[in-house]
Amino acid sequence: MLRSLHATMTALERPSPAFERGELPRSGVHWIEPRLVGQVGFSEWTDDGQLRHPRFEGMRDDKDPSEVVREIPADAGPGS
């Protein structure tokens, strides 16, 4: 899976991030076009908007990147 994913991502490489948001890493980063969807499990969102204990669970060929949005937990609504 890693070899296949590396080949796919190499073909999508770009010189800069596709989005301007948040603090960017200083080095060791390869940017790609946002055309892939991966599934990531995690424990929770931290107060500063980071994932706690993220883990890669695989690629999603059944999802279009334009359909992907940040999920908001049901108990995080107004008054919670």
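About the cut-offs
Residues numbered from 1 in each chain as written. Predicted model: local features only at pLDDT ≥ 70, side-chain atom pairs only at ≥ 80, totals over all residues. Heavy atoms only, no water. Salt bridge = Lys/Arg side-chain N within 4 Å of Asp/Glu carboxyl O. Helix = DSSP H or I, 4+ residues; strand = E, 2+ residues; numbered from the N terminus. Buried < 20%, exposed > 50% of the residue type's maximum accessible area, 1.4 Å probe, protein only. Phe/Tyr/Trp six-rings, centres within 6.5 Å; stacked < 30°, edge-to-face > 60°. Lys NZ or Arg CZ within 6 Å of the ring centre and 35° of its normal. Contact = heavy atoms within 4.5 Å. Polar contact = N/O pair within 3.5 Å; in protein donor to acceptor, adjacent residues only side chain to side chain. 1 Å grid on protein atoms, 1.4 Å probe; cavity = no way out; pocket = protein on both sides within 12 Å on 5 of 7 lines; lining within 4 Å. Points joined across faces, edges and corners; volume = space filled by probe spheres on them. Nonpolar A, V, L, I, M, F, W, Y, C, P; charged D, E, K, R; others polar.

Novice: Hey, could you run me through the pattern of salt bridges in this one?
Specialist: When their charged atoms lie close together, side chains carrying opposite charge are able to pair. Under the definition given, this model contains four salt bridges. For the salt bridge of Arg14 with Glu33, the shortest nitrogen-to-oxygen distance reads 3.2 Å. Of this pair, Arg14 sits in strand E1 (residues 13-14) while Glu33 sits in the loop between strand E2 (31-32) and strand E3 (38-41), placing them 19 residues apart in sequence. Across the pair Arg55 and Glu57 runs a salt bridge, and its minimum N-O distance is 3.6 Å. Residue class for Arg55 comes out partly exposed when judged on its relative accessible area of 43%. In this structure Glu57 comes out as partly exposed when scored by relative accessible area, which is 44%.

Novice: What is the right way to read the packing of aromatic side chains from this model?
Specialist: Aromatic ring pairs are described here by two measures, namely the spacing of the ring centres and the angle between the planes. Per the stated rule, a full pass over the model turns up one aromatic pair. Look at Phe42 and Trp45: their rings are 5.3 Å apart centre to centre, the planes differ by 65°, and that puts the pair in the edge-to-face class. By relative accessible area, Phe42 is classed as partly exposed at 31%. Given a relative accessible area of 29%, Trp45 falls into the partly exposed group. In this structure, Arg70 packs its charged tip against the face of Trp45, placed 3.5 Å from the ring centre.

Novice: In this structure, what is going on with the environment of Glu44? I would like to understand it.
Specialist: Topologically, Glu44 is positioned in strand E4 (residues 44-45). As a C-alpha pair, Glu44 and Pro54 span 10 residues in sequence and 8.7 Å in three-dimensional space. Residues contacting Glu44, with those up to four places away along its chain left out, are Gln50, Leu51 and Arg52. A polar contact is formed between the side chain of Glu44 and the side chain of Arg52, at a distance of 2.7 Å.

Novice: When you look at unusual backbone geometry in this model, what are you seeing that I'm missing?
Specialist: Despite not being glycine, His53 shows a phi value in the positive range, around 55°. Structurally, His53 can be placed in the loop between strand E5 (51-52) and strand E6 (55-59). What makes His53 exposed here is its relative accessible area of 54%.

Novice: What am I meant to see in the layout of surface pockets here?
Specialist: To find the voids left in a structure, one rolls a probe of water-molecule size over its atoms. Approximately 2,100 Å³ is the volume attributed to the largest pocket. If you trace the largest pocket, you find 41 residues lining it, with Phe19, Val40, Trp45, Leu51 and Val68 closest to the centre. At the level of elements, helix H1 (2-11), E2, E3 and E6 are the ones that each hand at least two residues to the lining of the largest pocket. No other element matches E3, which puts four residues into the lining of the largest pocket. Residues that form the lining of the largest pocket fall into these classes: 22 nonpolar, eight polar and 11 charged.

Note that every value here comes from positions in space, so none of it alone points to a role or purpose.
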